[in-house]
Amino acid sequence: MTEVVSLSGPEQHDDESTLKVSSNYSKDTKVGEGTYAVVYVGVQKSSHRKIAIKEIKTGGFKDGLDMSAIREMKYLQELRHVNIIELIDIYSEHNGLNLILEYLPYDLEMLIKDKSIIFTPANIKSWMLMTLRGLHHCHRNFILHRDLKPNNLLLSPQGVLKIADFGLARSLGAPNEELTSNVVTRWYRAPELLFGSKHYTGAIDIWSVGVIFAELMLRTPYLPGANDMDQLIVTFRALGSPTEANWTNVSKLPGYNKINIYPPPTRQELRNRFSAATESTLDLICSMLMLDPLKRCTTTEALLSKYFVESPRATDPKSLPKIVPKNK
Amino acid sequence: MVYSSLEKASLKVFLRKPVAQDMVSYLAATTDSVIKIKPSSPNLEQYPTPPSTPMDNKSTTNNNNNSNSSKQPVALTLFIERLISYSNVQTPTLMSTLVYLIRLRSILPSNSYGIESTRHRLFLGCLILAAKNLNDSSPLNKHWAKYTDGALSIKEVNTIERELLGYLNWDLRISNTDLINCLSPFLQPIKEKLKKDHELSLLRKQQSVQSLQSLQSYNNYNTPINNGVQHSRVTVTPSYSSNGSIPELMKSSASNSTLASNTSSVVTPSNSSHFLNASANNTTDTTIKEESEYITNYYFKKNQPTNTFKPKPLRLRSSYDNLSNITNNINHNTSDDFFKKFSEEGKENNKSNNNYQSQKTGLIKEKFSLLTRAGRVIA
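The name an unreviewed UniProt entry gives chain B is Cyclin N-terminal domain-containing protein, with Pachysolen tannophilus NRRL Y-2460 as the organism.

Per an unreviewed UniProt entry, chain A is named [RNA-polymerase]-subunit kinase, and its organism is Pachysolen tannophilus NRRL Y-2460.

1. Some thoughts on helix 4 (residues 76-87) of chain B
Residue and element names in this part refer to chain B. Between the first and last C-alpha of helix 4 there are 16 Å, a value that for 12 residues agrees with the 16 Å anticipated at 1.5 Å per step. Burial in helix 4 covers these residues: Leu76, Phe79, Ile80, Leu83, Ile84 and Ser87. An end-on view of helix 4 places all buried positions within 135° of arc, on one side of the element. The first or second residue beyond helix 4 is Asn88, which carries a positive phi of 55°.

2. Notes on the nonpolar core
Residues and elements named next belong to chain A. By size, the foremost hydrophobic cluster in this structure holds 145 residues, and its most contacted members are Leu108, Trp127, Tyr222 and Met288. Top element by residues in this core is helix 7 (residues 203-218). It accounts for 10 residues. When residues of this core are assigned to domains, at least three fall in each of domain 1 (19-102) and domain 2 (107-319). Non-local contacts of Tyr222, meaning those with residues more than four positions away in its chain, are made with Val211, Ala214, Glu215, Ala238, Leu239, Arg273, Phe274 and Leu289. Listed in part, the 7 residues of the second largest apolar core include Val38, Tyr40, Tyr91 and Ile100.

3. What to know about the UniProt feature "active site" (unreviewed entry) in chain A
Residues and elements named next belong to chain A. UniProt marks Asp147 with the feature "active site" (unreviewed entry), using the numbering shown here. Residue placement: Asp147 occurs in the loop between strand 7 (143-144) and strand 8 (153-155). With relative accessibility at 8%, the residue Asp147 sits in the buried group. The contact partners of Asp147, leaving out residues within four places of it in the chain, are Asn152, Asp165, Leu168, Val184 and Thr185.

4. A word on the side chain of A:Ser208
Residue and element names in this part refer to chain A. Considering the arrangement of structural elements, one finds Ser208 in helix 7. There is a polar contact of 3.1 Å between the side chain of Ser208 and the backbone oxygen of Ile204. For Ser208, the residues in contact, after removing those within four places along its chain, are Leu148, Val184 and Tyr188.

5. Things to note about helix 5 (residues 121-140) of chain A
Residue and element names in this part refer to chain A. Under the 1.5 Å per step criterion, the end-to-end length of helix 5 is 28 Å for 20 residues, consistent within 8% with the ideal 28 Å. Counting buried positions along helix 5 gives 17 out of 20 residues, so the element sits mostly inside the fold. Immediately beyond the C-terminal end of helix 5, within one or two residues, lies Phe142, with a positive phi of roughly 60°.

6. A look at the UniProt feature "binding site: ATP" (unreviewed entry) in chain A
All names here are of chain A. UniProt's feature table lists "binding site: ATP" (unreviewed entry) at Val31, Gly32, Glu33, Gly34, Thr35, Tyr36, Ala37, Val38, Val39 and Lys54, given in the numbering used throughout. Look at the named residues: they lie 24 residues apart in sequence, but the longest C-alpha span between them is just 14.3 Å, so in the fold they bunch up. Here Ala37 is to be found in strand 2 (residues 37-44). Take Ala37: its relative accessible area is 6%, and that puts it in the buried class. With residues up to four places along the chain from it excluded, the contact list for Ala37 reads Lys54, Glu55, Ile56 and Lys57. The topology assignment puts Lys54 in strand 3 (residues 49-56).

7. Side note on the environment of B:Val34
All names here are of chain B. Note that Val34 resides in helix 2 (residues 21-34). Its relative accessible area of 7% is what places Val34 among the buried residues. Along the sequence, Val34 and Ile107 sit 73 residues apart, while their C-alpha atoms lie 9.4 Å from each other.

8. Some details on the packing of helix 3 (residues 67-78) of chain A against helix 6 (residues 118-134) of chain B
Interhelical geometry of helix 3 of chain A versus helix 6 of chain B gives an angle of 70° and a closest axis separation of 9 Å. Classified by the angle between their axes, helix 3 of chain A and helix 6 of chain B sit roughly perpendicular to one another. Residues A:Met67, A:Ile70 and A:Lys74 of helix 3 of chain A form the contact with helix 6 of chain B, whose participating residues are B:Leu129, B:Lys132, B:Asn133 and B:Leu134. Taken together, the residues of the contact of helix 3 of chain A with helix 6 of chain B break down into 4 nonpolar, 1 polar and 2 charged.

9. Here we look at unusual backbone geometry
Across the junction of A:Ser311 and A:Pro312, the peptide omega takes the value 0°, indicating a cis bond. Topologically, A:Pro312 is positioned in the segment after helix 11 (299-303). The backbone of B:Asp149 sits at a positive phi, close to 60°, despite the residue not being glycine. Along the chain, B:Asp149 falls in the loop between helix 7 (141-147) and helix 8 (154-167). The backbone of B:Trp170 sits at a positive phi, close to 60°, despite the residue not being glycine. Here B:Trp170 is to be found in the loop between helix 8 and helix 9 (176-182).

Criteria and cut-off values
- Residues numbered from 1 in each chain as written.
- Chains lettered and ligands numbered in written order.
- Predicted model: local features only at pLDDT ≥ 70, side-chain atom pairs only at ≥ 80, totals over all residues.
- Heavy atoms only, no water.
- Helix = DSSP H or I, 4+ residues; strand = E, 2+ residues; numbered from the N terminus.
- Expected span 1.5 Å × (residues − 1).
- Buried < 20%, exposed > 50% of the residue type's maximum accessible area, 1.4 Å probe, protein only.
- Arc of directions from axis to C-beta.
- Core = buried A, V, L, I, M, F, W, Y, C linked by side-chain atoms within 4.5 Å.
- Domains from an automatic or database assignment.
- Contact = heavy atoms within 4.5 Å.
- UniProt positions renumbered as here; feature names shortened; annotations may be inferred.
- Polar contact = N/O pair within 3.5 Å; in protein donor to acceptor, adjacent residues only side chain to side chain.
- Axes fitted to C-alpha atoms, helices over the stretch in contact; angles between N-to-C directions.
- Parallel < 35°, antiparallel > 145°, perpendicular 65-115°, else oblique.
- Nonpolar A, V, L, I, M, F, W, Y, C, P; charged D, E, K, R; others polar.

The following block contains the structure:
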C-alpha cells in the first residue's frame, strides 16, 4: 500500500476508523447473492439490532468502484422514508464495500410465488399503497428508481413494504441531459425505454408499478418477454400497439418500428383478464399502463385515485400475509 | 445556510458555460492548496536554481521533462487540461471536483505532505468520484488510467479512488450551498450581470406601468364623471409645464436640482436620485442616464398632448428578490397585495420618503378603486 503514503503521508487514521466501524457489526450468515453483491445477515453490536450487510463485489476493485455502488449509496443517503430501505452505515473492508442496511427478510416476489398464500384485494391495495408512497418520495426528490420489480420490493417482519436496490437510480436533472435507455428489468420496462428513448421521466417507474400491480392480481408475470424484441410484441399484444394517434411523436423514437400492429384491448377484454378487479382498479391499472408516457398518471394522481378511496380499505401491514419459514 | 435566488440563478448560468481556461487554472491552484509537497530528494533543495527563461508554454514543459528525466510528473495545469480533453468532461462535473478538493483540504491534516504526483492523484481521484457520482455513465477506471498518459496505472487509480472515499467518509453528496460557496469566484461576475439585467427589465416594466397609470390619471382628471371620487391628491401635479426641454427635466431629476423646492407637495426629485443611487453600486451612471432618458422620451412622447404631467421617480431596486416580487405583482396587479407591497417597500427602502410613498400609494389606490368600481358598474 505505497499509495497510502503517497497521498497522506505517515498518518493512517483511515485504517483505524475502518476497523472501528467493521467491529461494530457482525457478519453472520450469507442469505443471498446477486450479480454484483452478496448479502449477509448480521447484528449491530451496539444495539443488538438485526441488520443486512450488502457486500459489493468489486472484483478486487479491478475497474474501480462500481457506478451502481456509488449510486445506491448516494441515493440511500438522501432518502429517508418508511417505504424506502434504510441505509445505516457504509464501510470498506479488504477489497469490498459494505452497505449496512436494515434487515428485511422477504420480498414481494417470494409472496407472489408462494401459492399457499391468498391475496385479497385489500392486501394488494396495501402493497400498492406502500409502493406508491415510497416511489412518490423518490419522485418528489427528483430521483428515478429505474429498477422496480417485485424482487426489489422488500418486506419487513412487520409487513411494511420498502423499496430497495437503488443501483440503477439516478436523479432527474436538466431536461436536455441524455439518459441511458438500458434500464429496468425487461418485464417491467416501459415502452419508451423499449424504443430506446434517451429522455424519459418518472413515468417509467409508474409503468413498472403498473406491471407489478397486474402481476399481484394475476399471480403470474404480466408481460414476460423472452428477449427485448419479444418484450415489445408481448407488451403491445396485451395493451395495443402505439400509433401516432394515441402517442404523439412515437415514430421519432430511435428504436421505433411497426412490424406488428395490435389493437388496443377493449374494456371487456381487460375485465376478463383481471376478473377480480373493480372498475376503479381497472382505471388505475390502465392509467399506469398508458403507452404514451405523457398520458400515464403520476404518483400523486395514482395515490389520489378512486381505487384507494373505495372499499375495501387497505390491509394494515401487520395483518398482511407473511411467509412462514419452512426449514427452520 | 441560506442562499438567494440570485445565487441559484447565477449557478444555473455558470453550469451551462463551456469549460474554460480560467476554470483549469483555478482547479490547479485549489489542488495545490490541498496538500503540501515535500521535495523528493534533499539534493534538489541545496541551492535554488532560477526558473528557466520564459518561452512559450510548450517548450517550457518540454524542458522540464527533459531536465528531470526520472519520474517528474507533468505540470498540474497540463495534466488537468489533458484529462479534460480526453474524457470530454463538462463544466458541472469538472467544477464539482472543486467541492471535493475543498472538502479534502479541510479533512487532510495540515502537517501532511505528498510527493510530486500527489496533487495529480488527488485531482484525478476527485474528478473520477464527481463523474461517477453525477453522471449516468462514466469512463471506467481503466480508461481514466489511460487518460493520464501513463502517469498512473489502473491499480494506482483504483487505490486512489478508494482511499479518497475513505477520507470523504463515503459522503459524496453536494448541496447547493457547497456549490455556491466553492464556486463563488466564478459566480460573482454572473451575479452582477444578472442583477443588472433584472434592473433593466424592471425599469422597462416600471415604465410601462407608469404610462398606464398616467393614462388612467389623465382620464380621471379630464372626465367629469369621476369628479365625485376624485381626491385633491389626484390632481396630477401640473407643477411642471412641458415647456422645459426634456433632457433638462431629466437632468434635474437625476442630479437633485433646485426644482425640488418649487414643488413641495409633489414628488421631489431627491426621491428619484435616491433610487438611482441605491442601484448605482453596480450599474454605471451612464447606463442609468441612458435608461432614464429613454424612459422620459418614451413617457413624454406618450403624454405630450396633455402637457400636464411630470415623470414619476424611477423606482429601482438592488435586491433581486424584490425584483421578482414586483414583477409578479405587476403581472397581476389587480390584487390588493399590489398596494400592500408598494407601501411596504416604500417603508423598507426609503424611510425618509414615507410621505411621498403613502401619497403615491394612496393615489394609485384611489385610481384603482375607481377602476374596479367602474368595472363593477359595467359588470
